[in-house]
Amino acid sequence: MSDREELYKAVIGPRNQDYYLRHFLQFDAAGKAGITWNLPAALLTFFWCIYRRMWLVAFGYILASNVLAVVLGAIVGEAASLLLLVAQMALPGMYANAIYHRHCKRKIDAA
């Protein structure tokens, strides 16, 4: 096991460690984070961010969701509700692992 894996394990913690470690090592091997699917992040984005201690991401998600709801509601009307719901679930679900990877790398670099 490499030093990088040990550092990732320390930052991730015991919950779902294998899942995140697998994705993080794939991202490192590719040289960039890609699109993957994270169901908990898709369904419970705000709470997933809080659980993973990404406070600013959680705040940004709530702020962006509300601003987007107001803007789309004013432009498109009621049809925007479905579009917004899909965007609020699909985008975090697709990019959550990449965002968490970046968060963990920053924690490791700071230490």
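Residues numbered from 1 in each chain as written. Predicted model: local features only at pLDDT ≥ 70, side-chain atom pairs only at ≥ 80, totals over all residues. Heavy atoms only, no water.

1. Notes on helix α2 (residues 17–30)
Operational definition: Labels follow the DSSP assignment, with helices taken as runs of H or I lasting at least four residues and strands as runs of E lasting at least two, numbered in each case from the N terminus. In a helix, the anticipated span is given by 1.5 Å times the number of residues less one. Under the scheme applied here, a residue whose accessible area is under 20% of the maximum for its type counts as buried, over 50% as exposed, and between as partly exposed, the area being computed with a 1.4 Å probe on protein chains only. Here a residue-residue contact requires only that any non-hydrogen atoms of the pair lie within 4.5 Å.
Taking 1.5 Å of rise per residue, 14 residues should cover 20 Å, and α2 covers 20 Å from first to last C-alpha, within 8% of that figure. Looking only at α2, the buried set comprises Gln-17, Tyr-20, Leu-21, His-23, Phe-24 and Phe-27. Packing partners of the buried residues in α2 comprise α1 (3–12), α4 (45–51) and α6 (80–110).

2. What to know about α6
Note the threshold: The reported bend at a residue is simply the angle between two axes, fitted to the 7 residues ending at it and to the 7 residues beginning with it.
Remark: the principal bend of α6, roughly 50 degrees, maps to Tyr-95. As for α6, its buried residues are in contact with α1, α2, α3 (39–43), α4 and α5 (55–75).

3. Let's talk about the packing of aromatic side chains
The condition is simple: Two rings from Phe, Tyr or Trp (for Trp, the six-membered ring) form a pair when their centres are within 6.5 Å of each other. A pair whose planes differ by under 30 degrees is stacked, one over 60 is edge-to-face, and the rest are tilted.
Under the definition given, this model contains seven aromatic pairs. Ring geometry for Tyr-20 against Phe-24: centres 6.1 Å apart, planes inclined by 45 degrees, an arrangement best described as tilted. Taken together, the positions of Tyr-20 and Phe-24, both in helix α2 and four residues apart, correspond to about one turn of that helix. Of the two residues examined, Tyr-20 and Phe-24, each falls in the buried class. Where Tyr-20 meets Tyr-100, the ring centres are 5.0 Å apart and the plane angle is 70 degrees; that geometry is what we call edge-to-face. Here Tyr-100 lies in helix α6 and Tyr-20 lies in helix α2, a separation of 80 residues in the sequence. Of the two residues, Tyr-20 and Tyr-100, neither departs from the other in class, the shared state being buried. A connected cluster of aromatic rings, assembled from ring pairs, spans Tyr-8, Tyr-19, Tyr-20, Phe-24, Trp-48 and Tyr-100.

4. Here's the deal with the layout of surface pockets
The condition is simple: Note on definitions: the grid is 1 Å and covers protein atoms alone; a cavity is a set of points where a 1.4 Å probe fits but cannot get out; a pocket is an open set with protein on both sides within 12 Å along at least five of seven lines; lining residues have an atom within 4 Å of a point. Grid points are joined across faces, edges and corners, and a volume is the space filled by probe spheres set on the points. Under the scheme applied here, ten amino acids are nonpolar (Ala, Val, Leu, Ile, Met, Phe, Trp, Tyr, Cys and Pro), four are charged (Asp, Glu, Lys and Arg), and all others, including Gly, are polar.
Taken as a whole, the largest pocket spans an internal volume of roughly 330 Å³. Together, 19 residues line the largest pocket, and Thr-45, Tyr-61, Ala-64, Leu-91 and Pro-92 are the ones closest to its centre. For the lining of the largest pocket, the elements supplying multiple residues, two or more each, are α4, α5 and α6. With eight residues, α6 is the single largest residue contributor to the lining of the largest pocket. Here the lining of the largest pocket is built from residues that sort into 15 nonpolar, four polar and no charged. Reported here for the second largest pocket is a volume of approximately 200 Å³. In terms of lining residues, the second largest pocket is bounded by Val-11, Ile-12, Arg-15, Tyr-51, Arg-52, Arg-53, Tyr-100, His-103 and Lys-107. Put simply, the parts of the chain that give the lining of the second largest pocket at least two residues each are α1 and α6.

5. Points about the confidence of the model for the protein chain
Short version of the rule: A score between 0 and 100, pLDDT records how confident the predictor is in each residue.
On average, residues of the protein chain score 92 in pLDDT, and 100% of them reach the 70 mark or higher. Looking at the elements of the protein chain, mean pLDDT is at its lowest for α5, recorded as 88, and at its highest for α4, recorded as 97.

6. Some words on the packing of α2 against α6
Note the threshold: Orientation is described by lines fitted to C-alpha atoms, with helices fitted over the stretch in contact, and by angles between N-to-C directions that extend from 0 to 180 degrees. Here the word oblique covers every angle except those under 35 degrees (roughly parallel), over 145 (roughly antiparallel) and from 65 to 115 (roughly perpendicular).
Where α2 meets α6, the axes come as close as 10 Å, and the angle between the chain directions of the two elements is 85 degrees. One finds that α2 runs roughly perpendicular with respect to α6. Of α6, the residues touching α2 (which contributes Tyr-19, Tyr-20, His-23, Phe-24, Phe-27 and Asp-28) are Asn-97, Ala-98, Tyr-100, His-101, Cys-104 and Lys-105. Tallied by class, the residues present in the contact of α2 with α6 amount to seven nonpolar, three polar and two charged.

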